[in-house]
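Secondary and tertiary structure notes
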Amino acid sequence: MSAISHHPASDQPRLGTVRSLWRLRLYVGRSTPAFAFSALAALIGQLVALTIPQVLESMVDGPLAGGDPSAVVPFALLVFGLGTVEALMYGLRRWLVVGPGTRVEARMRNALYAKLQDLPVSFHDRWPSGQLLSRAVSDLGLIRRWLSFGLVLTVVNLITIIVGVGILISMNWMLGLVFLVCSLPLWVVGYLFEGRYSEMSRRSQDQAGDLATAVEESVHGIRVLKAFGRGKHALSTFRAQAESLRSTEIAKAKLDANIWVWLILVPAVALSICLGLGIWLAANGVITVGTLVAFFATATVLAWPIESIGFLLAFSLDARTATDRFFEVLDSENEIVDPEAPRVLGEPHGALSFTGVHFRYQDSPDRFDDLLDGVDLDIAPGETMALVGLTGCGKTTLTALTTRLYDVTAGSVTLDGVDVRAFSREELRRHIAMAFEDATLFSASVRENVLLGRPELDGDAAEEVLHEALRIAQAGFVHDLPDGIDTKVGEEGMSLSGGQRQRLALARAVAAKPAVLVLDDPLSALDVATEARVEAELRNVLASTTALIVAHRPSTVMLADRVALLEAGRITAVGTHSELLRESEHYRFVISSLEDEAEARPVQAGAAARPAPADTDGPGPDHHELRAPQTTRGAAS
Amino acid sequence: MSVTGVQGEERLDYTKAESREIRRRSVRLLGSLLRPQRAKLWLTAAAIVVSSAAQAAGPAIIAFGIDQGIPALVEQNWYPAAFAGLAYLLTGVVGAFLIAMYIRLSARIGQAILIDLRTRVFLHTQRLSLEFHESYTSGRIISRQTSDLDAIRELLDEGLTLLVRGLMYMVFTAGALVIIDPTSGLVLLVALVPLGILTRWFQVRSQALFRRSRVASAQLIVKFVETMTGMRAVQAFRSEKRNEAEFGGLVEDYRDVNARVLGLFAVYNPGLAFIGNTAVAATLVLGGFRVVDGALEIGVLLAAVLYTKRFFDPMEDMAMFYNGYQSASSALEKISGVLEEEPSVPDPAHPVDLRRAEGHVGFEGVQFEYTRDRVILPRFDLDLPAGQTVALVGATGAGKTTLAKLLARFYDPSDGVVTLDGVDLRELHPKDLRRAIVMVTQEAYLFSGSVADNIALGKPAATFDEIVAAAKAVGAHEFIEGLPNGYDTDVNKRGGRVSAGQRQLISFARAFLADPAVLILDEATSSLDIPSERLVQEGLQTLLADRTAVIIAHRLSTVAIADRVLVMEQGRIIEDGSPADLIGGSGRFAAMHAAWRDSLV
């Protein structure tokens, strides 16, 4: 249960911060003027704020020095007026970006979701959902805040600082220059800070993602953890991950603390020198008291923009990290895409063929042969083909190739003679429906789950298909749920047993009324009686539908017209169940059950040597034999 | 309606009393989290007080410099000017280093609290019974531990720093203003009235919106995670477009409520600036007349203006983190609810040790029900001698799994006792219980990590050889060797590329390695192919030879290795006997067995 980080794209050369953030323009698009106007409003507000000290200067040197009380009120009114403008601009700055900022976030979130749904299953095999979630939620929220405030304020504060320092210099070049020179170390420190903070912020975001994955696993795997009493063990792994996140966060805080030391110390040094110098200049009559007052008032206005630079810098770096993580997904190349000119089948016949099909997983080491190593198999329209083979021999993978959940690495899969890659995925998956062994139900009603493949149906037609599918899959239990077929199931709803989920998944595949039905061991979790009833119903459906059924049991095989045996990456035999039983040793090994041997042995031990499978009528002669240890593995062969 | 634990968590209409109750429990939780950090908290508080005081001294020193320094210097007296310059420098140095200290300390405190809280929730989640997990759903318990903890992290990270520092800064600034010029202090006091009204308006409006915002984000997250984890089904049934529409709707809801929140800020913050600037203008008027009259020094007026202006500075940030505070406190409320949930299968207060279990299991007068009128297992007695292998058969919903879960102590009986070697399971030390009784279920969950790690879960101290031996014993060795990196292969994300049957084999190896006195197999071979099942059954012959076993299987092949068969129907054991006797009889099992054999051909 060790932690693993997934950053498949981290070996790409990293773009500079500015270039990386520049990519966001794709999503800002038409909203650009809004952001520009917001920046303009912010700038006007800041400049107005900078003129207030000028008014103070005139006031101190004019009416206050001259003892003219009548001028006090007009000056104060002027300050009030400027202050009002500043507040208005401030409001405008925020108002302008409320809509555009949130819309950019929404646009990016929808784009990410759409991309993730478009990416093939192989991508999702590699990326834990926790990592994807942190991209979709917190990263995008951060980017929105940065666009609306971070970016605008960075630009505006920089301009304010430049203009402010200019004003300071124009008041008195010596004072202004001292202030400027003393503030310079901030930029150096800020630059050094950049690299380290960026790295650390990425690390902490990744670690948080891994921690979220650990939490998910501890909840989804709770039955296992409880069964083995391994809560403590899981906790120690979790603790270790949480601890490493903590040390990253503390290291981050140390960096943060250091930059704050500089951010406060540097202006303090600058101002203390300016204070001493200013007093000296004023005492010598070089500047007026009003100028000195204005100088400090201006410096106060500049204090926040200067201090904020550190925060904004960190903010921009976080935003850059978030942007990189977003594009890491968006830039992932999708190997399974729709063709430019997709073929269209009106009424498919349902002829499914595999020709020289090879498949290997990308990360499979060279020393292994292809998992599917030249599969040839033809399934005629309306025929039901069972696919039999040992666990892990590639049966499930083979079924996944039919709807392009994965693509063949060589050879082709065809539907009615047309390569499946020539169809749009939408069209292909309308003709071929699948039921997976681990049945996934979504947090929706039973009805929605079963009719997932038939969005076009409504009203009575939908009801009819729904009830028929539920009947075929023997899923009558849904009527006993609290809200019947409207009961919410899935993660957020009622929890159902494995067998119940499997039956709903089967009902879903049946309800899709496809030309080709692909079922991956669809009855494994059912009890014998239910399985028999489902099989009886399925027979009617399969009479008219092409089907490929992964089977582990003789009972499932019996549904099929023919059986294909998958062995070492190839189809080594095709025929009826009895033909294969007769002809293929491997088939007998794979499909003949233990019980046949148990039954067979006492009979063979008796007088007449009868061929396997054994006679199954009536109870065996000696029931103790049932418990005899079966130690000979190949007895059936 | 009660609000104890997680009940009514999604409700929006708490009564006053209920809100108070919920708040009280989350404050209790907060207190227990803060207590271990007391010493550091005091130190931090001291650092904030001194640094805020130092920062607040700035304008007063400038005022002193202008009013005393300039006239003194004109008379060639350097001391006041030099004093002002140095004092200003000193406040800067003290302020800077104390703030740095404060940031480090608060990060340490925040992280310590977080890790404490994370651990508590994690542990508690693990302690809560399966019954709780089945009704509370995994999505919700995960968001308690991720998004809710994130909300608290955000507050601790930056929010609290800004909130506390801002507050102290305001207090000291106001204090300094009153000291240097009480009249200007009066202006500030008057300004507090509109400030209070505006802030109250903001608070009331934002509270409702923040709540909606959290609901909207939770819905968004659920939909997202579900799509990602169910991607195969999503693509196979072409629900991408419909999902996009639905997700787009959720995104828009979330966007809308966010925009409303931001709209509030767009009124509140400029409002603050307006009040601040008006106060400055008022200070100027009141101060200006007095300067003209000679009743006030110019430097003091400057300081008063600076103080008045600065007073409002932190308000904005504080308002921004009011949001953080809100979501953190509601997160804390929900987390405290989860922590308040009593495990319905609690650890014993005085655990009885059972170092070496024999495996003798007894059910004495056991009854299990969800509610009075939903009895799942009516009262029954059952004795399983040590070493016996029992097959449990019956239709889906007959109560087989419930019986097994009682034995594994996933549930406790509503009445009666389940015993192991005569000891009530509820009294047994959890460590001994889990070592003695292991249940393997149909859904063989694999954790991220290597195959070896996953098998070692059965016995964390196992050597690699032991792991391999376990895999060999259940016939998993060959396929594991065939994986890209053998035993070190990563079984990514929900078992990714390991097939369902292979997962079951790994989980079997896990159980084999755990070597329990009582082994419960609930449909544990359902996805295996026949040769694998044959191997497993062979393995079981040795594995089960000296231990008690309860095997639930739909396929009656399992019966072959059982000493005894229990047939269940509607929660009752209707037949109990050796397989031979039952098959030979005319009961339920004889009929099932005949039907099953027909299906084999």
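Note that this is a predicted model, so its numbers are computed, not measured.

The rules behind the values
Residues numbered from 1 in each chain as written. Chains lettered and ligands numbered in written order. Predicted model: local features only at pLDDT ≥ 70, side-chain atom pairs only at ≥ 80, totals over all residues. Helix = DSSP H or I, 4+ residues; strand = E, 2+ residues; numbered from the N terminus. Rg over C-alpha atoms; globule rule 2.2 N^0.38 Å. Buried ≥ 20, exposed ≤ 12 C-beta atoms within 10 Å, placed from the backbone. Contact = placed C-beta atoms within 7 Å. UniProt positions renumbered as here; feature names shortened; annotations may be inferred. Domains from an automatic or database assignment. Nonpolar A, V, L, I, M, F, W, Y, C, P; charged D, E, K, R; others polar. Axes fitted to C-alpha atoms, helices over the stretch in contact; angles between N-to-C directions. Parallel < 35°, antiparallel > 145°, perpendicular 65-115°, else oblique. Left-handed = near helix turned anticlockwise from the far one by under 90°. Expected span 1.5 Å × (residues − 1). Pairing = 2+ DSSP bridges. Core = buried A, V, L, I, M, F, W, Y, C linked by C-beta atoms within 7 Å. Right-handed = clockwise from strand over helix to strand, strands pointing away.

Helix and strand counts for chain B stand at 20 helices and 10 strands. Relative to the compact-globule value of 25 Å for 601 residues, chain B shows a C-alpha radius of gyration of 35 Å, a clear excess of over 25%. Residue burial in chain B is summarised as follows: out of 601 residues, 56% are buried. Here the contacts in chain B between residues at least 6 apart in sequence split such that 78% fall between residues at least 24 apart.

All names here are of chain A. Those residues carrying the UniProt feature "transmembrane region" (unreviewed entry) are residues 33-52, 72-92, 146-167, 173-193, 259-283 and 289-315 in this numbering. Within residues 146-167, the helical portion is 100% and the strand portion 0%, while the C-alpha atoms at the span's ends are 29 Å from each other. Taken end to end, residues 259-283 is 100% helix and 0% strand, and its first and last C-alpha atoms sit 36 Å apart.

So, about the domain arrangement of chain B. Each assigned domain of chain B is listed here: domain 1 (17-340) and domain 2 (361-598). Centre-to-centre, using C-alpha coordinates, domain 1 of chain B lies 54 Å away from domain 2 of chain B.

Turning our eyes to something else, we now look at the interface of chain A and chain B. A common measure of how large an interface is: the accessible area buried when the components associate. Counting residues at the interface gives 166 residues for chain A and 161 residues for chain B. Here the side of chain A that touches chain B takes 30 residues from helix H9 (residues 231-283) of chain A, the largest share from any one element. Class assignment of the residues belonging to the side of chain A that touches chain B gives a composition of 86 nonpolar, 46 polar and 34 charged.

A separate point is the packing of helix H2 (residues 38-74) of chain B against helix H9 (residues 298-311) of chain B. A packed helix pair is summarised by two numbers, namely the angle formed by the two axes and the spacing between the axes. All names here are of chain B. In contact at an axis separation of 7 Å, H2 and H9 are set at 160 degrees when each is read in the N-to-C sense. Taken as axis vectors, H2 and H9 run roughly antiparallel relative to one another. Our pair here, H2 against H9, has a crossing hand that is right-handed. Across the interface between the two elements, Pro59, Ala60, Ile62, Ala63, Phe64, Ile66 and Asp67 of H2 pack against Ile298, Gly299, Val300, Leu302, Ala303, Leu306 and Tyr307 of H9.

Moving on: helix H18 (residues 530-543) of chain B. With 14 residues, H18 of chain B should cover 20 Å at 1.5 Å per step; its first-to-last C-alpha distance of 19 Å lies within 8% of that length. The buried fraction of H18 of chain B is high, at 11 of 14 residues.

Looking now at the sheet that holds strand E2 (residues 375-384) of chain B. Two strands in a sheet stick together by hydrogen bonds in their backbones, pointing the same way (parallel) or opposite ways (antiparallel). All names here are of chain B. Taken in spatial order, the 4 strands make up an open sheet running E2-E1-E4-E5, and their pairing is antiparallel. For this open sheet the edge positions go to E2 and strand E5 (423-424), each flanked by a neighbour on one side alone. Sheet topology places strand E4 (residues 415-420) next to E5; 2 bridges connect them, and they run antiparallel. By the bridge assignment, leucine 420 is partnered in E5 with valine 423. The sheet contacts of helix H11 (residues 400-407) involve strand E1 (361-369), E2 and E4, and relative to E1 the element is tilted by about 120 degrees.

All names here are of chain A. Spatially, the 6 strands line up as an open sheet ordered E6-E9-E10-E3-E11-E12, and their pairing is mixed. Either end of the sheet is taken by a strand with one partner, and the two such strands are strand E6 (432-435) and strand E12 (570-575). Averaged over neighbouring strand pairs, the angle between their axes works out to 20 degrees when direction is ignored. Two strands pair when backbone bridges link them, and strand E9 (residues 516-520) and strand E10 (residues 546-550) are joined in this way by 5 bridges, in the parallel orientation. The residue bridging valine 516 from the neighbouring strand is threonine 546, located in E10. In the packing of helix H11 (residues 395-402) onto the sheet, the strands contacted are strand E3 (384-389), E6, E9, E10 and strand E11 (562-567), and the crossing angle to E10 comes to about 155 degrees. Sheet strands touched by helix H15 (residues 498-511): E6 and E9. Its angle to E6, the strand with the most contacts, is close to 175 degrees.

Residue and element names in this part refer to chain B. Phi is positive for arginine 238, which is not a glycine, with a value near 55 degrees. Take arginine 238: it is sitting in the loop between helix H7 (231-236) and helix H8 (240-293). Exposure remark for arginine 238: the 21 C-beta atoms within 10 Å place this residue in the buried category. Positive phi is not limited to glycine here, since aspartate 421 has a value of about 50 degrees. Looking at the secondary structure, you find aspartate 421 in the loop between E4 and E5.

With that out of the way, let us pick up the nonpolar core. Residues Leu387, Val388 and Ala507 of chain A together with Leu302 and Ala509 of chain B are the most contacted members of the largest nonpolar core, which totals 385 residues. Sorting elements by how many residues they give to this core places H9 of chain A first, with 22 residues. The contacts of valine 388 of chain A, once residues within four sequence positions are left out, are Ala551, Val557, Val563, Leu565, Leu566, Tyr587, Val590 and Ile591 of chain A.

All right, on to the pairing of strand E7 (residues 518-522) of chain B then. Residue and element names in this part refer to chain B. Counted residue by residue, E7 has 5 buried out of 5 residues, so it is predominantly covered. The side-chain alternation of E7 yields two buried faces, one formed by Val518, Ile520 and Asp522 and the other by Leu519 and Leu521. Of the strand pairs in this sheet, strand E6 (residues 437-440) and E7 are connected by 4 bridges, and their pairing is parallel. Residue pairing in the sheet places valine 440 in a bridge with leucine 521 of E7. Sheet analysis places E7 next to strand E8 (residues 548-552), joined by 5 bridges and oriented parallel. Pairing of valine 518 across the sheet is with threonine 548, part of E8. Where the polypeptide runs from E7 across H18 and back to E8, its parallel neighbour, the crossover connection is right-handed.

As a further point, take the environment of glutamate 342 of chain B. Residue and element names in this part refer to chain B. Topologically, glutamate 342 is positioned in the loop between helix H10 (313-340) and E1. A count of 12 C-beta atoms within 10 Å places glutamate 342 in the exposed class. In this structure, the C-alpha to C-alpha distance between glutamate 342 and arginine 127, residues 215 residues apart in sequence, is 9.1 Å.

Taking 1.5 Å per residue, 54 residues should reach 80 Å; H8 of chain B reaches 78 Å between its end C-alpha atoms and fits that length. After H8 of chain B finishes, the residue glycine 294 of chain B shows a positive phi value of roughly 80 degrees.

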